[in-house]
Amino acid sequence: MFITDDIKYIGVNDHKLDLFEGQYIVPNGMAYNSYVILDEKIAIMDSVDAGFTEDWFRNIKLALDGKNPDYLVVQHMEPDHSANIFNFATEYPSAKIVSSAKSFVMMKQFFGTDFADRQIVVGDGDTLCLGKHNLTFLTAPMVHWPEVIVTYDSTDKVLFSADAFGKFGALDTDEDWACEARRYYIGIVGKYGTQVQALLKKAADIDIKTICPLHGPVLNENLGYYLDLYNTWSSYGVETDGVVIAYTSVYGNTKKAVQYLAEKLKEKGCAKVAVNDLARCDMAEAVEDAFRYGKLVLATTTYNNDVFPFMREFINHLIERNFQNKTVGMIENGTWAPNAVKTMCSMLEKSKNITYCENNVKILSAMTDENKAQLDALAEELV
């Protein structure tokens, strides 16, 4: 598949994978993207996961038609992109390896060698001429590892964006980009919003017609849509107007309160109400919702003088990813010593710009008419 007249896709689709990075469910698999720039000098952009070594080399050979590559550009050292560096160096002994200084340190750790006699170390603003194509390298530390670089081809106006603008899902499946890109971004990159903002500022100064990420489809239409979403996500803004309710319930009483609140929100005209049972849903989807919407309700039982374990896990995911700039309401349930609201507030105390609702709800075992009135007030406040 040609991206431009001189740039060809040589990546692979993985439909064997069930959990990406050992934790994210990927029902539609994963793509490991690699590209080749065909010019007087030939550059391969990144490698692929170790499970697809033969497929990748087959794709390289078909694309090169008997020629040998001159460079392997390594933008990111996670093994799903870097696993075949050593194999490439063995297969093509005359090729140089182009990457950041920190990447070569990691190569030593992964492969026992940093390819000292074949290194081309690049930093912010450094260039590499292939002939007609001129590559400029931009550092992107902590998007989402410290060694990351992205590469801009000024000839075809292509940005090779490393893991930025990536998504879950193989390329031979048809699914909404934003849904799986959002889950990918929030789960994997979400902590590093400041660093993503810095990369977006660099990208704003260059003319980009095509984005070639290391996961997901090549983006070459309506780029403003993707850039705007990334700006919202990385600035911890509100993408969708609505309320997300995340809850745990042991015997169903807290669930009844959540259902009552959800109905009241809808009756009052709330644009969107997303309800997540944290014991049963995909946790990454629930975390994605918490960042997507502007308002969050946490509803849980007191458990061992703490909160129910799935709620604790959920809040830990939020604070790990710098959850901020949201309105938060709370519902607690307890038979003899309700303590969940106090615990949840304590967990969120380092989160920035959190506005807490005034109408929190305390249930003592089962929901009462008084609780319904409290839930009515909470719904009114949220809407």
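These figures come from a predicted structure and were not determined experimentally.

1. A word on the overall build of the protein chain
Reasoning step 1: Counting its regular elements, the protein chain contains twelve helices and 22 strands.
Reasoning step 2: When the backbone C-alpha atoms are referred to their principal axes, the protein chain occupies close to 80 × 40 × 35 Å.
Reasoning step 3: Accessible area for the protein chain stands at about 16400 Å²; split by element, carbon and sulfur atoms hold 48% of it.
Reasoning step 4: Put simply, the protein chain has 36 plus and 53 minus side-chain charges, and the middle of one group is 3 Å from the middle of the other.

2. A look at the nonpolar core
Reasoning step 1: Of all hydrophobic cores here, the largest spans 90 residues; its most connected members are Phe20, Trp56, Leu296, Leu298, Phe314 and Phe323.
Reasoning step 2: By residue number, the principal contributor to this core is helix H5 (residues 177-189), which donates eight residues.
Reasoning step 3: Apart from the residues within four sequence positions on either side, phenylalanine 20 is in contact with Val26, Met30, Tyr32, Asp80, Phe168, Tyr184, Ile188 and His215.

3. Comments concerning the environment of phenylalanine 57
Reasoning step 1: Inspection of the secondary structure puts phenylalanine 57 in helix H1 (residues 53-64).
Reasoning step 2: The spacing of phenylalanine 57 and asparagine 87 is 30 residues in sequence and 9.4 Å in space, taken between C-alpha atoms.
Reasoning step 3: Sequence-distant contacts of phenylalanine 57, that is, excluding residues within four places in its chain, are made with Asn87, Phe88, Glu91 and Tyr92.

4. Some points on the sheet that holds strand S14 (residues 158-160)
In a beta sheet, neighbouring strands are held together by backbone hydrogen bonds and run either parallel or antiparallel to one another.
Reasoning step 1: A sheet is described by the order of its strands in space; here five strands give the open sequence S11-S12-S13-S14-S15, paired in mixed fashion. Each edge of the open sheet is held by one strand with a lone partner, namely strand S11 (127-129) and strand S15 (210-212). Across the sheet, the mean angle separating the axes of adjacent strands is 20° when strand polarity is ignored.
Reasoning step 2: With five bridges connecting them, strand S12 (residues 134-139) and strand S13 (residues 149-153) associate as antiparallel partners. Residue pairing in the sheet places threonine 136 in a bridge with tyrosine 152 of S13.

5. Side note on the packing of aromatic side chains
Reasoning step 1: Following the criterion strictly, the structure yields 26 aromatic pairs and no others.
Reasoning step 2: When the ring of phenylalanine 20 is compared with that of phenylalanine 168, the centres are 5.9 Å apart and the planes differ by 70°; the resulting orientation is edge-to-face. In this pair, phenylalanine 20 is assigned in strand S3 (residues 19-20) and phenylalanine 168 in the loop between S14 and H5, connecting sequence segments 148 residues apart. Side by side, phenylalanine 20 and phenylalanine 168 carry an identical accessibility label, which is buried.
Reasoning step 3: Ring geometry for tyrosine 32 versus phenylalanine 52: centroids 5.9 Å apart, planes at 55°, classification tilted. Separated by 20 residues along the polypeptide, tyrosine 32 in strand S5 (residues 30-32) and phenylalanine 52 in the loop between strand S7 (43-45) and H1 bring together distant segments of the chain. No difference in accessibility class separates tyrosine 32 from phenylalanine 52, as the two residues are buried.
Reasoning step 4: One aromatic cluster is present, formed by Phe165, Trp177, Tyr185, Tyr225, Tyr226, Tyr230 and Trp233 through successive ring pairs.
Reasoning step 5: Positioned above the aromatic ring of phenylalanine 52, the side-chain terminus of lysine 16 is 5.4 Å from the ring centre.

Calculation rules
- Residues numbered from 1 in each chain as written.
- Predicted model: local features only at pLDDT ≥ 70, side-chain atom pairs only at ≥ 80, totals over all residues.
- Heavy atoms only, no water.
- Helix = DSSP H or I, 4+ residues; strand = E, 2+ residues; numbered from the N terminus.
- Areas by Shrake-Rupley, 256 points an atom, 1.4 Å probe, with all protein chains shown as cover.
- Lys, Arg positive; Asp, Glu negative; His and termini not counted.
- Charge placed at Lys NZ, Arg CZ, Asp CG, Glu CD.
- Core = buried A, V, L, I, M, F, W, Y, C linked by side-chain atoms within 4.5 Å.
- Buried < 20%, exposed > 50% of the residue type's maximum accessible area, 1.4 Å probe, protein only.
- Contact = heavy atoms within 4.5 Å.
- Pairing = 2+ DSSP bridges.
- Axes fitted to C-alpha atoms, helices over the stretch in contact; angles between N-to-C directions.
- Phe/Tyr/Trp six-rings, centres within 6.5 Å; stacked < 30°, edge-to-face > 60°.
- Lys NZ or Arg CZ within 6 Å of the ring centre and 35° of its normal.

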